[in-house]
Amino acid sequence: EYLYIRACCAFQLLRYDEAVKGYRETVAADPQSPFAAKSQYQVALSAYRLAHYDEAMSALNPILSDKSLRQDALWLMAEAAAGKNDSDQSVQYYKMLVSEYPDSPYTPDALYRLGHQLQLRKAWGDASVFFLQLVERFPGSPLAPRALFSSASSLSSGLQGAKALRDWEEYLKRFPTD
């Protein structure tokens, strides 16, 4: 427990290298302890904060099957993949998160980021689908106006003028002051 608390203190002080070391020591000291899986997640989060995306993803792999951490692990996997510009992996993990946890607090952001990753691939129609899912499922989300705007932009870029016009009109109707 002491090792875990010490690592948490380092994390809170933004000493991520020290936190990674402390969390790894916690896991090594007793891999079956109640702190082991959470420490493994914190290794990944600390590595992510250091922009060590591969290290973060490696740390997450062993805990993806832990139901208590899976939602957070999927989110961080997607973010780490996006951080290292691996669109294929980020899309895969965002899709898993949205599918497995449709009402998660991460879901609106995951839908938006899915749309964005697909825009980067120039998959305009697919991007629009995820942006519109966000708008329909989470109309009160602060991301909803931007998602509807992005859907229209995607459709316009994909030369789907009529659908783009539909989304522009809906955007102006729903969010006239944005």
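Rules used in this analysis
- Residues numbered from 1 in each chain as written.
- Predicted model: local features only at pLDDT ≥ 70, side-chain atom pairs only at ≥ 80, totals over all residues.
- Heavy atoms only, no water.
- Phe/Tyr/Trp six-rings, centres within 6.5 Å; stacked < 30°, edge-to-face > 60°.
- Buried < 20%, exposed > 50% of the residue type's maximum accessible area, 1.4 Å probe, protein only.
- Lys NZ or Arg CZ within 6 Å of the ring centre and 35° of its normal.
- Helix = DSSP H or I, 4+ residues; strand = E, 2+ residues; numbered from the N terminus.
- Contact = heavy atoms within 4.5 Å.
- Core = buried A, V, L, I, M, F, W, Y, C linked by side-chain atoms within 4.5 Å.

In total, this model carries 9 aromatic pairs according to the counting rule given. Summarising the aromatic geometry, the rings of F11 and Y16 are spaced 5.3 Å apart at their centres and angled 65 degrees between planes, so their arrangement reads as edge-to-face. Both residues of the pair, F11 and Y16, count as buried. Here a set of aromatic residues connected by ring pairs shows up, and it is made of Y4, Y23 and F35. If you follow R146 out to its NZ or CZ, it ends over the ring of Y112, 5.5 Å from the centre.

The next subject is the environment of K95. Along the chain, the position of K95 falls in helix 6 (residues 87-100). Residue K95 is classed as partly exposed on the basis of its relative accessible area of 41%. Measuring from C-alpha to C-alpha, the distance between K95 and G125 comes to 16 Å, with 30 residues separating the pair along the chain. With residues up to four places along the chain from it excluded, the contact list for K95 reads L114 and F130.

Take the nonpolar core next. Core analysis: the biggest nonpolar cluster contains 51 residues, and Y23, Y41, L60, Y93, Y94 and L134 have the highest contact counts within it. Ranked by residue count, the leading element in this core is helix 5 (residues 70-83), at 9 residues. Once residues within four sequence positions are removed from consideration, Y94 is found in contact with W75, A78, E79, A82, A110, R113, L114 and Q117.

Read these as spatial facts, not as claims about activity.
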